[in-house]
Amino acid sequence: MQVIRLNKHLKNNRNRMIEGKKCSNVVLKTRKIGKWVDVNTDEIFKGKKVILFSLPGAFTPVCSEKQLPGFEENYDKLLGLGIDEVYCISVNDGFVMNAWADKQKLRKVKVLPDGNADFTRAMGMLVDKKHVGFGQRSWRYCTIINDGVVEKWWQEDGMNNDGSDPDPYDQTTPENCIEYLSKK
């Protein structure tokens, strides 16, 4: 099975190229009960069907007001359609992701910090957000991963490194996941 690797020339039409490929195995540094805990992406995805959505940053407007709350609100519906777990990943450290989850009063969606951007880079979704002082961050995407393999892929249009986007959010919604899963 082919593993996803960084591919800088891909922009808006990645879904045909990424679906059916195995996710790269990456160790994420998380914080749980005051201790560092390594979380291996192979272990998270193995034998499960999960939704993983990524966003540019914790505490940012679209991420905090639309995307994360939308997945939290639709969590039970997604599980009812065959999903085992829903994860939110962002290029932020474990402290920030945990504080954001607390502030958002998350009870269902699990947050994953990608502080070094290793997973985001491996997925080919790392972009430069220097124009807003963020440095390198993830482009907004959402995927259904089935036993470590990308089954379905969505990403926002306009992936770029120069800030020429309005921070789009219409492809990577829980509603698109529900529509896809309802047809299966």
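Residues numbered from 1 in each chain as written. Predicted model: local features only at pLDDT ≥ 70, side-chain atom pairs only at ≥ 80, totals over all residues. Heavy atoms only, no water.

**Re the pairing of strand 5 (residues 110–113)**
Let me state the cut-off plainly: Strand pairing requires that DSSP identify at least two bridges connecting the strands. In DSSP terms, a helix is any run of H or I states spanning at least four residues, a strand is any run of E spanning at least two, and both are numbered starting from the N terminus. With the strands aimed away from the viewer, a crossover counts as right-handed if its path from the first strand over the helix to the second runs clockwise.
With 4 bridges joining them, strand 4 (residues 85–90) and strand 5 adopt parallel strand pairing. Directly across from C88, in strand 5, lies its bridge partner V111. In the classification by handedness, the crossover that spans strand 4, the intervening helix 5 (residues 94–103) and the parallel strand 5 is right-handed.

**Here we look at the pattern of salt bridges**
Which entries qualify depends on this criterion: Counted as salt bridges are all cases of a side-chain nitrogen of Lys or Arg within 4 Å of a carboxyl oxygen of Asp or Glu. The buried label applies to any residue whose accessible area, calculated with a 1.4 Å probe on protein chains only, is under 20% of its type's maximum; exposed applies above 50%, and partly exposed to all values in between.
Under the criterion given, the structure shown has 12 salt bridges. Notably, a salt bridge pairs K183 with E179, separated by 3.3 Å at the nearest N-O pair. Judged by relative accessible area, which is 65%, K183 ranks as exposed. We classify E179 as partly exposed; its relative accessible area is 43%. Residues participating in the shared-partner salt-bridge network are K49, E151 and K184.

**Quick look at empty space enclosed by the protein**
This is how the line gets drawn: In this analysis a 1.4 Å probe is tested at points of a 1 Å grid over the protein atoms alone, and where it fits but cannot get out there is a cavity; an open set with protein on both sides within 12 Å along at least five of seven lines is a pocket; lining residues have an atom within 4 Å of a point. Grid points are joined across faces, edges and corners, and a volume is the space filled by probe spheres set on the points. Under the grouping applied here, Gly and all other residues not named as nonpolar or charged are polar, the nonpolar ones being Ala, Val, Leu, Ile, Met, Phe, Trp, Tyr, Cys and Pro and the charged ones Asp, Glu, Lys and Arg.
This structure, assessed with the given rule, holds 1 cavity of 30 Å³ or more. Considering only enclosed or pocket space, the largest cavity measures out at about 30 Å³ in volume. As for the largest cavity, its lining consists of P56, K129, W139, R140, E156, D165, D167 and P168. Taken together, the residues of the lining of the largest cavity break down into 3 nonpolar, no polar and 5 charged.

**Quick notes on the packing of aromatic side chains**
Threshold: Centre distance within 6.5 Å is the pairing criterion for rings of Phe, Tyr and Trp, where only the six-membered ring of Trp is used; planes under 30 degrees apart are then read as stacked, over 60 as edge-to-face, and the remainder as tilted. Note on geometry: a ring has a charge over it if NZ (lysine) or CZ (arginine) is within 6 Å of the ring centre and within 35 degrees of the ring normal.
What the rule picks out here adds up to 5 aromatic pairs. Ring centres of F45 and F119 lie 6.2 Å apart, and the angle between their planes is 55°; this geometry places the pair in the tilted category. Of the two residues, F45 sits in helix 2 (residues 41–45) while F119 sits in helix 6 (residues 118–122), which places them 74 residues apart along the sequence. Like F119, F45 is buried. Ring plane angle 15° and centroid distance 4.7 Å describe the contact between Y141 and W153, whose orientation is recorded as stacked. In this pair, Y141 is assigned in strand 8 (residues 141–146) and W153 in strand 9 (residues 149–155), connecting sequence segments 12 residues apart. By relative accessible area, which is 2% here, W153 ends up buried. Cation over ring: R31 sits above W36, and NZ or CZ is 4.7 Å from the ring centre.

**Some remarks on the pairing of strand 1 (residues 27–32)**
Alignment of strand 1 against strand 2 (residues 35–40), held across 6 bridges, turns out to be antiparallel. Across the sheet, residue K29 finds its bridge partner in strand 2, namely D38. Hairpin geometry of strand 1 and strand 2 is characterised by an intervening segment of 2 residues between the two adjacent antiparallel strands and by a positive phi of about 50° at I33.

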